[in-house]
Amino acid sequence: MTTKQRAYLKGLAMTMDPIIQIGKSSLTPEVIEAVREAIDKRELIKISVLKNCFDDPRELAQIVAERTHSEVVQVIGKKIVLYKQAKENSKITLP
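All figures in this text were calculated on a predicted structure; none of them were measured in a lab.

As a further point, take the overall build of the protein. Each helix and strand counted, the protein has 3 helices and 4 strands in total. When the helices and strands of the protein are read in sequence order from the N terminus, they spell out α-β-α-β-α-β-β. Its C-alpha atoms give the protein a radius of gyration of 13 Å, near enough to 12 Å, the size a compact globule of 95 residues would have. Each of the three principal axes of the protein carries a C-alpha extent, and together these read 35 × 25 × 20 Å. Within the protein, buried positions represent 40% of all 95 residues. In the protein, the share of contacts with a sequence separation of at least 24, taken over all contacts with a separation of at least 6, comes to 68%. Separation between the mean location of the 16 positive side-chain charges and that of the 12 negative ones in the protein comes to 6 Å.

Below, the structure written as structure tokens:
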């Protein structure tokens, strides 16, 4: 992913609300499956890491990205933005 593409996706993600929360139990198989389903439908998602989760958000982002075959767009504080291009009927066209 180029810098220009990443900047474009960051701009789109600014107005989004987190749709998944990672809490005290950290990354469970259910959380990974929820992220996989959401990213397949939406392409670009935002995840919130709650205060009671003591894992590093950057490490969590890398693990989730590996397991869902997506890319980490950014990690700011306790917010993670992931992107995965759809195989068909892509909603987001990158510059």
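There's plenty left to go through after this.
Moving on: the nonpolar core. With 20 residues, the main nonpolar core has Val 35, Ile 47, Ile 80 and Leu 82 as its most contacted residues. Among the secondary structure elements, those contributing two or more residues to this core are β1 (20–22), α2 (29–42), β2 (44–49), α3 (57–68), β3 (71–76) and β4 (79–83). If you tally residues by element for this core, the top one is α2, at 5 residues. Excluding its chain neighbours within four sequence positions, the residues that come into contact with Ile 47 are Pro 18, Ile 20, Ile 22, Val 35, Val 64, Lys 78, Lys 79, Ile 80 and Leu 82. Membership of the second largest hydrophobic core comes to 7 residues, among which are Ala 13, Leu 44, Val 81 and Ile 92.

Strand order in this open sheet of 4 strands is β1-β2-β4-β3, and the pairing throughout is mixed. Edge positions in the sheet fall to β1 and β3, since each of these pairs with one other strand and no more. On average, each strand axis in the sheet is inclined to that of its neighbour by 25°, with strand direction left out of account.

Thresholds, definitions, all that
- Residues numbered from 1 in each chain as written.
- Predicted model: local features only at pLDDT ≥ 70, side-chain atom pairs only at ≥ 80, totals over all residues.
- Heavy atoms only, no water.
- Helix = DSSP H or I, 4+ residues; strand = E, 2+ residues; numbered from the N terminus.
- Rg over C-alpha atoms; globule rule 2.2 N^0.38 Å.
- Buried < 20%, exposed > 50% of the residue type's maximum accessible area, 1.4 Å probe, protein only.
- Contact = heavy atoms within 4.5 Å.
- Lys, Arg positive; Asp, Glu negative; His and termini not counted.
- Charge placed at Lys NZ, Arg CZ, Asp CG, Glu CD.
- Core = buried A, V, L, I, M, F, W, Y, C linked by side-chain atoms within 4.5 Å.
- Pairing = 2+ DSSP bridges.
- Axes fitted to C-alpha atoms, helices over the stretch in contact; angles between N-to-C directions.

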